[in-house]
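Take a look at the letters that make up each chain.
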Amino acid sequence: MLGQTADTGAEVQRAVETLRPVPDYRTPYVFINAAARTGSFLLASAAPGMPREPFAAWVRASHRYLSRDALTDIVQQAAGSAELHDLALEVAELIAAGIAASHDSAETRIEDLVRLSRAIYRLSPDESRAYFERAVQAAERVGDDVSARWSALLKISSADHRALTSSPTRSA
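Residues numbered from 1 in each chain as written. Predicted model: local features only at pLDDT ≥ 70, side-chain atom pairs only at ≥ 80, totals over all residues. Heavy atoms only, no water.

Q: Even after reading the chapter, I still don't get the overall build of the protein, so can you show me in this structure?
A: When helices and strands are counted, the protein shows 8 helices and 0 strands. Looking at the protein as a whole, 31% of its 172 residues are labelled buried. Taking the contacts inside the protein whose residues are at least 6 apart along the sequence as the reference set, 65% of them involve residues at least 24 apart. (Helix = DSSP H or I, 4+ residues; strand = E, 2+ residues; numbered from the N terminus. Buried < 20%, exposed > 50% of the residue type's maximum accessible area, 1.4 Å probe, protein only. Contact = heavy atoms within 4.5 Å.)

This is the structure we're talking about:
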C-alpha cells in the first residue's frame with residue numbers, strides 16, 4: 001500500500017494462483033471484469049518469466065462472462081507483451097465471433113470492431129486491417145439496408161393512405 005514496497009512479482013504470482021472459474025449463479029460481473037483488466041495490465045508489464053498461462057486459461061474459461069470492453073482491454077494490454085501475443089490473438093477472435101453472432105445494433109457492432117482494430121494494431125497491423133474492413137462492410141450493409149427498408153415503409157404508407165381516402169366508410 002502507500003509507502004510500502006512490495007514484491008510485485010510475488011503478488012501477481014499469488015493472484016494468478018488463486019484464480020477460480022466463474023460461476024453461473026450470481027456471477028460477479030463487475031469484479032471479474034475489473035480482475036481481468038487489472039490482471040492483463042499487470043501481466044503485460046510484468047517481468048519475463050512471470051507465469052502467464054494460468055491467467056490465459058482463466059480468460060479462456062471465463063470469456064463469456066467478461067464484457068466486450070474488458071476483453072478488448074485484454075487484447076490491447078496483451079498486444080504489448082510478447083509473452084501474451086497468443087492470448088491477444090485468441091481473445092480478438094473471440095470478440096470478433098461474439099460481434100458477428102450478436103444482435104446488437106449496427107452502430108454498436110461497428111464501434112466494437114473499430115475498437116478491436118485499434119487494440120490489436122500494435123501486435124498485427126494485418127489483423128487490425130481485417131477487423132477494420134469488417135467494420136466498413138457492416139457500415140456499408142447498414143446503408144443499403146436502410147434505404148431498402150425506408151422505400152418499403154414509404155410504399156406501405158402510401159398504399160395505406162390511398163386505401164383510407166378511397167374507402168367510403170372510413171372517409172366519413
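Q: Hey, could you run me through the packing of aromatic side chains in this one?
A: Here the distance between the centres and the angle between the planes together describe a pair of aromatic rings. A complete count under the given rule lists 1 aromatic pair for this structure. For the pair Phe-55 and Trp-58, a centre-to-centre distance of 6.1 Å together with 35° between the ring planes defines the contact as tilted. Taken together, the positions of Phe-55 and Trp-58, both in helix H3 (residues 53-62) and 3 residues apart, correspond to about one turn of that helix. Phe-55 sits in the buried class, given a relative accessible area of 2%. On the basis of relative accessibility, which here comes to 7%, the residue Trp-58 falls in the buried class. (Phe/Tyr/Trp six-rings, centres within 6.5 Å; stacked < 30°, edge-to-face > 60°.)

Q: Please explain the pattern of salt bridges as it appears in this structure.
A: For side chains bearing opposite charge, pairing can occur when the charged atoms are close. The full count for this structure, using the stated rule, is 9 salt bridges. With its nearest N and O atoms 2.9 Å apart, the salt bridge here joins Arg-60 to Glu-53. Its salt-bridge partner being Arg-60, residue Glu-90 comes within 2.8 Å of it at the nearest N-O pair. Taken together, the positions of Glu-90 in helix H5 (residues 85-101) and Arg-60 in helix H3 put the pair 30 residues apart, joining distant regions of the chain. A relative accessible area of 31% places Arg-60 in the partly exposed class. Overlapping salt bridges, with partners in common, bring together Arg-37, Asp-69, Asp-73 and Arg-115 in one network. (Salt bridge = Lys/Arg side-chain N within 4 Å of Asp/Glu carboxyl O.)

Q: I would appreciate a short explanation of helix H4 (residues 68-79) in the present structure.
A: The α-helix winds at 3.6 residues per turn, so residues separated by three or four positions along the chain end up facing the same way. Look at H4: 16 Å from first C-alpha to last across 12 residues, which is about the 16 Å you get at 1.5 Å a residue. Taken together, the buried positions of H4 are occupied by Ala-70, Leu-71, Thr-72, Asp-73, Ile-74, Val-75, Ala-78 and Ala-79. For H4, the secondary structure elements touched by its buried residues are helix H2 (29-45), H3, H5 and helix H6 (106-120). (Expected span 1.5 Å × (residues − 1).)

Q: Would you mind going over the side chain of Ser-128 with me for this structure?
A: Looking at where Ser-128 falls in the secondary structure, it is placed in helix H7 (residues 125-166). With near-sequence residues (within four places) excluded, Ser-128 lies in contact with Ser-117, Arg-118, Ile-120 and Tyr-121.

Q: For this particular structure, what's the right way to read the nonpolar core?
A: Side chains of nonpolar character tend, in soluble globular proteins, to be buried together. Counting 33 residues, the largest nonpolar core has Ile-74, Val-75, Leu-87 and Val-91 as the members making the most contacts within it. Of all the secondary structure elements, the ones that give two or more residues to this core are H2, H3, H4, H5, H6 and H7. Ranked by residue count, the leading element in this core is H5, at 7 residues. (Core = buried A, V, L, I, M, F, W, Y, C linked by side-chain atoms within 4.5 Å.)

Q: So what exactly am I meant to see when it comes to the packing of H3 against H5 here?
A: When two helices pack together, their arrangement is captured by the angle between the axes and the distance separating the axes. At their nearest, the axes of H3 and H5 sit 11 Å apart, and the two run at 5° to each other. In terms of axis orientation, H3 runs roughly parallel to H5. For the pair H3 and H5, the contacting residues are Phe-55, Ala-56, Val-59 and Arg-60 in the first and Leu-87, Glu-90 and Val-91 in the second. (Axes fitted to C-alpha atoms, helices over the stretch in contact; angles between N-to-C directions. Parallel < 35°, antiparallel > 145°, perpendicular 65-115°, else oblique.)

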